[in-house]
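The chain contents come next:
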Amino acid sequence: MKTLEQMFLHLDWANQRIIEALQTNKTEDEEALRPFSHILLAERIWLTRLEGKDSTKLPIWTVESLSRCQEMVRENKEKYDAYLSNLTEDTLDEPVIYKNSRQTEFHSSIRAILTHVALHGQYHRGQINKLLRLAGAEPVNVDFITFIRS
């Protein structure tokens, strides 16, 4: 549990750093907001699935404004904090049954889903950093080890 909790603290820290970088560089560029919106929408979809609700109609690639992304970061953190606070080591391996947007059914453990959510954003944060560099801005370090040292 401790590792997952730490990974979610890192997830929020990294999301906050991306917001700061986009604000500093006054980036309302759809190309940079697309992967950031996707990270946050995916976090929401996975939480919906963990809660046993239907996520098949939720958007995954909608481009949100930077201010809406800020709201989603806060909302997702609050909701994941509440969800994680109710878990125990014993419940992490319980299965979750869910369908993707194509109505294909999957079975994954709570542990696997939470690990996926915590890791998924790093790939897209790398894309955002590349876009920042291409725009002449300084990319932001969102490495886990940097988070641990701070």
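Look a little higher up for the structure.
It should be emphasised that the depicted structure is a prediction, and the values quoted were computed from it without experimental measurement.

S.K.: Mind showing me how you'd approach the nonpolar core here?
M.R.: Nonpolar side chains tend toward joint burial in soluble globular proteins. Ranked by internal contacts, the top residues of the largest apolar core, which has 23 residues, are Ile18, Leu22, Phe36, Leu40 and Ile128. Going through the elements one at a time, helix H1 (2-24), helix H2 (30-50), helix H3 (66-85) and helix H4 (110-134) are the ones with two or more residues in this core. Setting aside anything within four residues of it in sequence, one finds Ile128 in contact with Ile18, Leu22, Ala32, Pro35, Phe36 and Ile39. One finds Leu4, Met7, Phe8 and Ala118 within the second-largest nonpolar core, a separate group that totals 20 residues.

S.K.: Quick question: what am I supposed to make of the pattern of salt bridges here?
M.R.: Oppositely charged side chains may form a pair once their charged atoms are brought near each other. Taken as a whole, this structure holds nine salt bridges when the rule is applied. Taking the shortest distance from any N to any O, the salt bridge between Arg44 and Glu75 comes out at 2.5 Å. A residue pair is termed long-range when its members are at least 10 positions apart, and Arg44 in helix H2 and Glu75 in helix H3 qualify at 31 residues. A single network of salt bridges, built from pairs that share partners, joins Arg44, Arg68, Glu71 and Glu75.

S.K.: Honestly, the packing of H1 against H3 in this entry has me stumped. Any pointers?
M.R.: In a pair of packed helices, the angle between the axes and the distance between the axes together describe the arrangement. Relative to each other, H1 and H3 sit at 170°, their axes nearing to 11 Å. Taken together, the axes of H1 and H3 lie roughly antiparallel to each other. Where H1 abuts H3, its residues Phe8, Asp12, Asn15, Gln16, Ile19, Leu22 and Gln23 lie against Leu66, Cys69, Gln70, Val73, Lys77, Tyr80 and Leu84. When grouped by side-chain class, the residues that make up the contact of H1 with H3 number eight nonpolar, four polar and two charged.

About the cut-offs
- Residues take numbers from 1 onward in each chain, read along the sequence in its written order.
- Where local features are concerned, this predicted model is filtered to residues with pLDDT of at least 70; where side-chain atom pairs are given and counted, the filter is 80 or more; whole-chain, interface and lining totals use all residues.
- Only hydrogens and water are removed before side-chain values are computed, so all heavy atoms of the structure are retained for them.
- We define the nonpolar core as a collection of buried residues of types Ala, Val, Leu, Ile, Met, Phe, Trp, Tyr and Cys that are connected through side-chain atoms lying within 4.5 Å of one another.
- The classification of residues rests on relative accessible area computed with a 1.4 Å probe and restricted to protein chains. Under 20% of the type maximum is buried, over 50% is exposed, and intermediate values are partly exposed.
- Each helix corresponds to a stretch of at least 4 residues labelled H or I by DSSP, and each strand to a stretch of at least 2 residues labelled E; elements are numbered beginning at the N terminus.
- Between two residues, a contact is recorded if the distance between any of their heavy atoms is within 4.5 Å.
- We count a salt bridge whenever a side-chain nitrogen from Lys or Arg sits within 4 Å of a carboxyl oxygen from Asp or Glu.
- Note on geometry: axes are lines fitted to C-alpha atoms, helical ones only across the stretch in contact, with angles between N-to-C directions running from 0 to 180 degrees.
- In these notes the angle categories are as follows: under 35 degrees is roughly parallel, over 145 is roughly antiparallel, 65 to 115 is roughly perpendicular, and the rest is oblique.
- Each residue is assigned to one class: nonpolar for Ala, Val, Leu, Ile, Met, Phe, Trp, Tyr, Cys and Pro, charged for Asp, Glu, Lys and Arg, and polar for all the others, Gly among them.

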